[in-house]
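# Reading the structure
These are the residues of each chain, in order.
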Amino acid sequence: MANQEDQFKKLVSHCKEYGFIYQSSEIYDGLSAVYDYGPYGAQLKNNIKEYWWKSMVQMHDNIVGIDAAIFMHPKTWKASGHVDAFNDPLVDNKDSKKRYRADVLIENYLDKIEAKINKEVEKAAARFGESFDAAMFKATNPRVLENQEKYDAIAKRLANAMTNSDMAELKQIIEDLEITCEVSGTRNWTDVRQFNLMFSTQLGNIAGEDDKLYLRPETAQGIFVNFLNVQKTTRQKIPFGIAQIGKAFRNEIVARQFIFRMREFEQMEMQFFVRPGEEMKWYEYWKAARLRWHLALGTPAEHLRFHDHDNVAHYANAAADIQFEFPFGFKELEGIHSRTNFDLSQHMELSGKKLQYFDPEMNESYIPYVVETSIGCDRMFLALMSRALTDETVPDADGKDSTRTVLRIHPALAPVKCALLPLVRNNEELTQLASSVYHKLKASFYCQYDEKDAIGRRYRRQDAIGTPYCVTVDFETMDDGCVTIRDRDSLQQERVPIDKIADIISAKTDMKTLLV
Ligand code: ATP
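Since this is a predicted model, take the numbers as computed values, not measurements. (Residues numbered from 1 in each chain as written. Predicted model: local features only at pLDDT ≥ 70, side-chain atom pairs only at ≥ 80, totals over all residues. Heavy atoms only, no water.)

### Considerations on a negative patch on the surface
Short version of the rule: Only residues whose relative accessible area exceeds 30% and that form no salt bridge are eligible for patches; like-charged ones are grouped when within 9 Å, while nonpolar side chains (Val, Leu, Ile, Met, Phe, Trp, Tyr) are grouped when within 5 Å. Each accessible area is a Shrake-Rupley estimate made with a 1.4 Å probe; only the visible protein chains count as cover when residues are assessed. The rule for a salt bridge is simple: a side-chain nitrogen of Lys or Arg has to be within 4 Å of a carboxyl oxygen of Asp or Glu. Only four residue types enter the charge count, namely Lys and Arg as positive and Asp and Glu as negative; His and the chain termini do not. To locate a charge, the coordinates of NZ of Lys, CZ of Arg, CG of Asp or CD of Glu are taken. The helix and strand labels rest on DSSP assignments: H or I over at least four residues marks a helix, E over at least two residues marks a strand, and numbering proceeds from the N terminus.
Together, Glu 146, Glu 149, Asp 152 and Asp 310 make up a negatively charged patch on the protein surface. The topology assignment puts Asp 310 in the loop between strand 11 (304–308) and strand 12 (318–326).

What follows is the structure, given as structure tokens:
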């Protein structure tokens with residue numbers, strides 16, 4: 001655990017030191033749970049969004065993209081249920097004054113039971129070797145069974161309390177489990193109360209409930225209210241989807257895990273409109289498709305898993321998360337929800353406008369059902385960074401062992417694709433040649449020119465920001481017109497003609513490699 005905490009701290013400081021992420025308004029001591037992306041962070045984030053947009057919109061004839069406003073008519077949030085039900089249960093420890101989400105305190109308790117079960121399984125696996133049957137062990141070992149029973153009973157109580165918004169029961173669970181505050185170590189808790197997560201402001205200069213505007217807490221509603229506009233203007237037939245990337249805002253109660261839980265963040269959401277009754281087929285389809293999207297980046301399958309929701313939100317009839325193994329454990333990275341026709345029906349009722357689709361094949365009108373895929377861009381950023389950041393021992397230029405920090409980000413997503421490095425900086429002919437190659441290449445992809453410090457240090461700088469290829473221009477280049485390309489991961493060096501560099505690097509870093 002300590003090791004994982006160290007790893008996480010290292011990640012946060014790496015993000016700052018190398019210009020990926022800064023705390024917002026840092027010179028004023030920052031603003032809690034709000035972050036700014038620096039030069040490499042902004043580039044990497046754009047690449048994540050491009051990968052998502054291309055795989056959803058460009059690769060699907062029946063998905064189109066929109067960019068709706070952050071502000072929406074206040075009735076939108078009444079219709080969607082956010083005004084009445086977008087709450088988190090809040091609890092304070094009276095001694096430390098530290099604030100918690102009651103459900104998260106209980107979930108953390110469940111994580112500990114799960115860790116115990118996993119430990120038993122690992123221990124047994126080590127003892128029995130190859131003949132070990134994990135499923136059989138879990139089904140028969142008394143200690144595992146006892147913990148699993150405990151886990152299931154708590155998970156059920158939590159799900160019921162959340163579904164029924166039963167604050168007293170949440171408090172009771174915390175008391176029954178004897179959960180203590182991590183700061184004061186006491187069990188001196190306040191009552192659990194509901195806290196609405198929406199930020200509000202007002203339109204114009206008249207303050208009052210009617211003019212209250214909300215910063216959108218999800219991008220989805222901008223898609224629902226535009227459903228007919230888009231369908232009519234693009235002549236899409238059901239099933240079809242509408243995709244959107246944009247900012248969302250939530251006044252999170254607890255925001256202590258860097259960009260995992262922010263108050264201002266970005267979502268990449270797609271709502272897929274289907275015939276009533278066909279939603280479960282499409283729900284399964286999108287679960288599989290979204291998992292493939294993650295796996296294509298080289299994320300090992302064991303770091304990803306589905307987690308079915310025990311308590312489904314008020315608008316859904318099925319919901320699963322794709323969880324990723326962050327340095328602080330498996331947590332939600334993306335949600336796939338079967339949202340029924342809840343949102344469209346609600347908007348139809350409150351707006352008085354008909355939001356139905358006439359299905360020519362069925363010769364009837366209906367309110368479509370919706371399957372949603374929703375992923376936080378920032379959480380995806382954190383997932384990528386936490387898997388990519390590696391310390392390793394490699395031979396240096398003299399063949400001796402040295403350590404390097406390398407960001408093994410997929411080449412198609414790397415902020416800088418290639419660095420142009422003249423072997424030395426004090427030879428004008430050499431630096432001019434390297435610089436002219438750089439100026440030609442930068443029209444094809446994001447490049448950097450760097451002549452400062454010894455070549456080994458320049459390699460390390462590029463490794464730390466995840467540049468997949470370094471191109472070195474040396475004295476021989478002036479004779480044979482060839483350069484050396486160094487591969488970030490394998491450290492292989494290859495000599496190639498200058499006029500081939502663009503093709504070689506494009507082939508390896510093109511987003512296409514992820515889409516086909
Ligand atoms: P959680 O249970 O972690 O609060 P959620 O279930 O409320 O998340 P959704 O409403 O399903 O999340 O939002 C979809 C996605 O948006 C999440 O999977 C996550 O990637 C992202 N997301 C949600 N809240 C935040 C946040 N505060 N900061 C960063 N990303 C977020």
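### Things to note about the side chain of Gln 267
We count it as follows: Under the rule applied, a polar contact is a pair of N or O atoms within 3.5 Å (in protein, one hydrogen donor and one hydrogen acceptor; residues adjacent in sequence only if both atoms are side-chain atoms). Any two residues whose heavy atoms approach within 4.5 Å at even a single point are treated as in contact.
Locating Gln 267 in the fold gives a position in strand 10 (residues 264–274). Reaching out from Gln 267, the side chain makes a polar contact with the backbone nitrogen of Thr 219 at a distance of 3.1 Å. Residues contacting Gln 267, with those up to four places away along its chain left out, are Pro 217, Glu 218, Thr 219, Gln 244, Ile 245, Gly 246, Ala 248, Arg 250, Ser 374, Ile 375 and Gly 376.

### Overview of the state of the cysteines
Think of a disulfide as a covalent bridge from one cysteine sulfur atom to another cysteine sulfur atom. The condition is simple: Note on terminology: pairs of cysteine sulfur atoms within 2.5 Å are recorded as disulfides. The classification of residues rests on relative accessible area computed with a 1.4 Å probe and restricted to protein chains. Under 20% of the type maximum is buried, over 50% is exposed, and intermediate values are partly exposed.
Following the criterion strictly, the structure yields 0 disulfides and no others. No disulfide involves Cys 377; its nearest neighbouring cysteine sulfur is the one of Cys 15, lying 13 Å away. Among the residues examined, Cys 377 registers a relative accessible area of 0% and is labelled buried.

### So, the sheet that holds strand 12
For the record, the criterion: DSSP-based pairing: two strands are paired if at least 2 bridges between them are found. Axis lines are fitted to C-alpha atoms, over the contacting stretch for helices. Their N-to-C directions set the angle, which ranges from 0 to 180 degrees.
The strand order 3-9-10-16-13-12-11 describes an open sheet built from 7 strands, whose pairing is mixed. Every other strand in the sheet has two partners, leaving strand 3 (63–66) and strand 11 as the edge strands with one partner each. Direction aside, neighbouring strands of the sheet carry axes that sit 25 degrees apart on average. Inspection of the sheet shows strand 3 paired to strand 9 (residues 240–249) by 4 bridges, in the parallel sense. The residue of strand 9 that forms the bridge with Ile 66 is Gln 244. Of the strands in this sheet, strand 3, strand 9 and strand 10 touch helix 10 (residues 227–234), which is tilted by about 135 degrees from strand 9.

### A look at unusual backbone geometry
Note that the residue after Ile 238, namely Pro 239, is joined by a cis bond; omega there is 10 degrees. When you line up the elements, Pro 239 lands in the loop between helix 10 and strand 9. Residue Ser 165 is not a glycine yet carries a positive backbone phi of 45 degrees. Look at Thr 340: it is not a glycine, yet its phi comes out positive at around 50 degrees. Mapped onto the secondary structure, Thr 340 falls in strand 13 (residues 329–340).

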